[in-house]
Structures are given as structure tokens and as C-alpha cells.
Amino acid sequence: MTSGFEDFGDAFFRASVTGLQPYQPGKPMEDVQRELGLDRVIKLASNEGPFGPFPAALAAMADAARDLNRYPDGGVFRLQHALAERHGVPVAQVCAGAGADGCIDMLNQATLEPGDEVVCGWPSFASYPIYARKQGATPILVPLDGGHRYDLDALLAAIGPRTKLVYICQPNNPTGTMSTQEELDDYFERVPAHVLTIVDQAYFEYIDRPDYPDAVERYVRAGRRVVVLRTFSKIYGLAGARVGYAIGPAPICAAMAKVRRPFDLTTQAQVAAVASVRDEAEIARRRALNANGLARLEAILREHGLDPAPGVANFLYVETGADATELFDRLLREGIIVRPLAGFGAPTAIRVSVGTPEELELFAAALGRVLARA
Ligand SMILES: Cc1ncc(COP(=O)(O)O)c(C=O)c1O
């Protein structure tokens, strides 16, 4: 006798969900430790960064813990006002979400009908095509240029009458590469008026280069049809809290807020983000530490005969010349978790996040042992 649960055929489910390949997160440290019986495991897989939450965020979360019997503020009032003030935009142009990822999902839910098209570079952040498919929309994946960078000319050429959203991942995850302000200015001069461009700046705070634009300042405030994404998951050390935000045209933010679930942003996420948003000194300190770590990571990879793409964030992308799961597995047995990139459209590449100086040296030693054995 069957329970009846086996009787659901494909027809029961939405066509766009049947066959959907969900996002594959990086391997959790506890799993690796348990499965391989290792004493220490180092995670350089998910670009979170080695820093914890800011001290003020920890204090705010501890304080707020006493009130967890209450639902969070469904309107995200304090955080959205703090972000509006921080960026010098009206609060109607801010929409916070459960991570930048939550914002991508809300944008898709608010705008995409089956048959609409979404254009993005590829390899790039896996949620862009996954969330488009979830809505029954069609992702158009535009190959990166020879330097692993977004090819903005090719992106523009891929835009058609059904295109609603165009993603520009700046810098691009997983390759770490960026387009310059001049190149982005040129894109915005040429992009057709019917599309909404999403400039994903999840790693914005790590980058200190004169040719890297603050897209809120340069494009949102200039009234372009653009949404900029930012997150507290990276330099702010709050990946586990799930909080990010979008800044864009007020009608887009209003539509996103309509599809946001009432309590998507937990109380802890909201108070931690509010406590972090203005601490420029700590951001600058972490940015400098990351710059040192990025240079060291590049040197380690080059010393071992690898040739990383010119990444500007807190991770580097490396072509291995073979199925990258092999190098991933070997490093895993050494207690180092890196990210194989099949799910991002680059099955022969890995991505390595910047860790602490000690973690990077342990990675260097493990890489040396693995490559010597190969
Ligand atoms: C380019 C990009 N966008 C968005 C996200 C999602 O960030 P969040 O943790 O805020 O959902 C990531 C996370 O890795 C990312 O790399």
C-alpha cells in the first residue's frame, strides 16, 4: 500500500518548478568535519569573509533577544530610514530584503511573467537565472569576455522586446572582475528604455578604486532605470542574519515591498544592520585587511602555477584546466573548503575566498601538498 504521497505527477507542480535546479550552497564546515573526521576545517568557499558581526551589532542582537516573543517590524521602518539617510535618497527608494538574494527574488516576483526574458552575464551569480526560471521567465546567459569580465556590448545586443531585467554583477561573482565607470556610463547611455538594469554591488565596500563607481550615487540619483543591490552579508559579517537591500525607483521598491513576506527580515537582522550601517571606521579597517589578504591569496595561487582572474573583491577565480571537483575534493580532504563552480556555469574553475592570514597560510600548505601529489 502506498501513502498516496507517491501519486503526485509532474502535472501537480508548476511547470517552471519541475526540472528547476535549486541553488547549491557551499559545503558547511560541520558536515566536512563530521564526514572526514577532521579536527579543523577552514571555509574559503562562500565569500562571507572571516570577520564576525560588528561589536555594536552583537550588542544590538543580544539586547533584542529579550523581545523575540514579538514579531519583527514588518515595515522595516528603522533600517530603511537608516539606509535612506546613509545613501541620501528618499526612503521610498529603499527596499530591504532577506539578503540581496531576497531582493532578487522579490524583484523577479514583482516584475516577471512567464515568457519574459532576463539577461545576465555568465558565469555569474546563480540566483539570477534560477529565480527567473522560477517565475517561468527565460534567462538569456551572455558569455563573459576573454578577461572573465561582463561583456556589456554583448549584454546590450542580447536585449529583446521581452527583456525586462538585465543584471550587471559588479564585481562579478564568481570571477571577481569589474567593469569601469566609463564602461558602465556608456552602457546606461545605450540601454533601451523598456528594461530595468540591476547593478549588483554585493561586494561594494571592499573596493577602493577610482574607476569603480558607487552606482547609487552615479545612476540611481541621476534618475536612471536602475536598481542597486547591496548586502550586510559580506564586509559587515552578517551572512547568517540574512539582510540586504535594494535602492532604486520608488515604484519598483513599492512593488518589491508588496511581495515581501510580512516578517522576512527577522528582528535580529534589522537591529544588527541598523547598528552596523554607519561604522565607516570598521568598514575601512576590514577593507584594508581584505586588500592585504587578496594580494596574499593571489601570490599563493601564482606560486603554485595557477593564474587567477583579476578579482577586486574578497575572492579569486581560478581555472584548473580540468573538472574542478577533483581539486575541490583533494583540498576538502585537507580540511579546506573552496567552491567548485559548476553551478555558476564554470565546471573547470574554483573560487577561493580571502580568509584570515593564518587560514591563507594553511590553504597555501594544503594546496602545495595536493598539487605535489597530483
Ligand atoms: C553578487 C552577489 N549578489 C548577491 C549575493 C547574495 O547575498 P546575500 O547574502 O545578501 O543574499 C551574493 C552572495 O554571495 C553575491 O555574490
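See the structure above.
What counts, and where the lines are drawn
- Along each chain, residues carry numbers from 1 onward, in the same order as the chain's sequence is written.
- The predicted nature of this model means local features are confined to residues of pLDDT at least 70 and side-chain atom pairs, given and counted, to a pLDDT of 80 or more, with totals for whole chains, interfaces and linings taken over all residues.
- For side-chain calculations, the full set of non-hydrogen atoms in the structure is used, while hydrogens and water are omitted.
- When we say a residue is near a molecule or strand, we mean one of its heavy atoms is within 4 Å of it.
- The term polar contact refers here to a pair of N or O atoms within 3.5 Å; inside protein, the definition further demands a hydrogen-donor-capable atom paired with an acceptor-capable atom, and it admits residues adjacent in sequence only when both atoms are side-chain atoms.
- For accessible areas, the Shrake-Rupley method is used with a probe of radius 1.4 Å. Any residue's cover is judged against the shown protein chains and nothing else.
- Under the DSSP-based scheme used, a helix requires at least four consecutive residues in state H or I and a strand at least two consecutive residues in state E, with every element numbered from the N terminus.
- In this classification, Asp, Glu, Lys and Arg are treated as charged, Ala, Val, Leu, Ile, Met, Phe, Trp, Tyr, Cys and Pro as nonpolar, and every other residue, Gly included, as polar.
- Stacked, tilted and edge-to-face are the three classes assigned to paired rings of Phe, Tyr and Trp, where Trp is represented by its six-membered ring and a pair needs centres within 6.5 Å; plane angles under 30 degrees give stacked, over 60 edge-to-face, the rest tilted.
- We call a residue buried when its accessible area falls under 20% of the maximum for its residue type, exposed when it is over 50%, and partly exposed in between, using a 1.4 Å probe and counting protein chains only.
- Two limits define a charge over a ring: the Lys NZ or Arg CZ must be within 6 Å of the ring centre, and within 35 degrees of the ring normal.
- Under the convention used here, Asp and Glu are negative, Lys and Arg are positive, and both His and the chain ends fall outside the count.
- For this analysis, a salt bridge means a side-chain nitrogen from Lys or Arg found within 4 Å of a carboxyl oxygen belonging to Asp or Glu.
- Note: two strands are recorded as paired if DSSP finds a minimum of 2 bridges between them.
- Each axis is a line fitted through C-alpha atoms, taken for helices only over the stretch in contact, and angles between the N-to-C directions span 0 to 180 degrees.
- Whether two residues touch is decided by their heavy atoms; if any such pair falls within 4.5 Å, the residues are in contact.
- We call a set of buried residues a nonpolar core when its members are Ala, Val, Leu, Ile, Met, Phe, Trp, Tyr or Cys and they connect through side-chain atoms within 4.5 Å of each other.
- Should an angle lie under 35 degrees it is considered roughly parallel, over 145 roughly antiparallel, and from 65 to 115 roughly perpendicular; all remaining angles are considered oblique.

Draft legend 1. Region of the structure containing the site of the ligand. Among the 13 residues in the neighbourhood of the ligand, the closest are listed as Ala100, Asp200, Tyr203, Thr231 and Ser233. Within the side chain of asparagine 173, an N or O atom sits 2.7 Å from an oxygen atom of the ligand. In isolation the ligand offers 400 Å² of accessible surface; the protein chains occlude 93% of this area. In terms of residue count, the dominant contributor to the shell around the ligand is helix 4 (residues 99–111) (three residues). Classifying every residue of the shell around the ligand by side-chain character gives five nonpolar, four polar and four charged.

Draft legend 2. Broad picture of the packing of aromatic side chains. Tallied over the entire structure, the rule returns 14 aromatic pairs. Between phenylalanine 12 and phenylalanine 13, the aromatic rings sit 5.5 Å apart at their centres with planes inclined by 80°, giving edge-to-face as the arrangement. In this structure phenylalanine 12 comes out as exposed when scored by relative accessible area, which is 58%. Of the residues examined, phenylalanine 13 reaches a relative accessible area of 42% and is grouped as partly exposed. Ring geometry for tyrosine 71 against phenylalanine 263: centres 4.7 Å apart, planes inclined by 20°, an arrangement best described as stacked. With tyrosine 71 in the loop between helix 2 (55–65) and helix 3 (77–87) and phenylalanine 263 in the loop between helix 9 (250–259) and helix 10 (267–276), the pair connects residues that are 192 residues apart, well separated along the chain. An aromatic cluster is present here, built from Tyr23, Phe125, Tyr128 and Tyr167 joined pairwise through their rings. Directly above the ring of phenylalanine 204 sits arginine 230, whose terminal nitrogen or CZ lies 3.7 Å from the centroid. Note that arginine 351 overlies the ring of phenylalanine 315, its terminal NZ or CZ placed 5.8 Å from the centroid.

Draft legend 3. Structural context of the side chain of arginine 260. The residue arginine 260 is located in the loop between helix 9 and helix 10 in this model. Summary of buried charges: arginine 260 has no salt-bridge partner, and the nearest side chain of opposite charge, aspartate 264, is 6.3 Å away. A polar atom in the side chain of arginine 260 sits 2.6 Å from the backbone oxygen of alanine 96.

Draft legend 4. Local environment of the sheet that holds strand 9 (residues 315–319). Taken together, three strands build an open sheet; the order of strands is 9-12-11 and the sheet is antiparallel. Among the strands making up the open sheet, the edge pair consists of strand 9 and strand 11 (339–341). Along the sheet, successive strands turn relative to each other by an average axial angle of 30°, direction set aside. Those strands touched by helix 11 (residues 280–303) are strand 9 and strand 12 (346–353), and its axis lies near 15° from that of strand 9.

Draft legend 5. Here's a closer look at unusual backbone geometry. Across the junction of tryptophan 122 and proline 123, the peptide omega takes the value 5°, indicating a cis bond. For the bond from asparagine 173 to proline 174, the omega torsion is 25°, close enough to zero to count as cis. Inspection of the secondary structure assignment puts proline 174 in the loop between strand 5 (163–169) and helix 7 (181–190). One non-glycine residue, arginine 242, adopts positive backbone phi at about 65°.

Draft legend 6. Here's a closer look at the environment of glutamine 24. Examined against the element boundaries, glutamine 24 turns out to sit in the segment before helix 1 (29–36). When its relative accessible area of 57% is taken as the criterion, glutamine 24 is described as exposed. Expressed as a C-alpha distance, the spacing of glutamine 24 and leucine 341, which sit 317 residues apart in the sequence, is 9.9 Å.

Draft legend 7. Looking closely at the nonpolar core. In terms of nonpolar packing, the biggest core is built from 94 residues, with Leu79, Tyr150 and Phe232 touching the most fellow members. Ile300, Leu301, Ala324 and Ala364 belong to the second largest nonpolar core, which has 29 residues in total.

Draft legend 8. Seen up close, the packing of helix 4 against helix 9. The N-to-C vectors of helix 4 and helix 9 enclose an angle of 100°; their axes lie 8 Å apart at closest approach. Viewed along their axes, helix 4 and helix 9 adopt a mutual orientation that is roughly perpendicular. The segment helix 4 lies against helix 9, with Cys103, Met106, Leu107, Gln109 and Ala110 engaging Ile252, Ala255, Met256 and Val259. For the contact of helix 4 with helix 9, the class distribution of residues is eight nonpolar, one polar and no charged.

Draft legend 9. Structural context of the pattern of salt bridges. All chains considered together, the criterion is met by 28 salt bridges. Of the charged contacts, one joins aspartate 153 and arginine 190 as a salt bridge, the two residues approaching to 2.8 Å between their closest N and O atoms. Of this pair, aspartate 153 sits in helix 6 (residues 152–158) while arginine 190 sits in helix 7; the two residues are 37 residues apart in sequence, bridging distant segments of the chain. Among the residues examined, aspartate 153 registers a relative accessible area of 47% and is labelled partly exposed. By relative accessible area, which is 42% here, arginine 190 ends up partly exposed. Salt-bridge contacts for aspartate 214 lead to arginine 230; the nearest nitrogen and oxygen are separated by 3.0 Å. Pair noted here: aspartate 214 is in the loop between strand 6 (196–200) and helix 8 (215–220) and arginine 230 is in strand 7 (residues 226–231), with a separation of 16 residues, a long-range link. Judged by its relative accessible area of 22%, aspartate 214 falls in the partly exposed class. Relative accessible area serves as the criterion here: at 1%, arginine 230 is assigned to the buried category. One network of salt bridges, in which partners are shared, links Asp116, Arg162 and Lys164.

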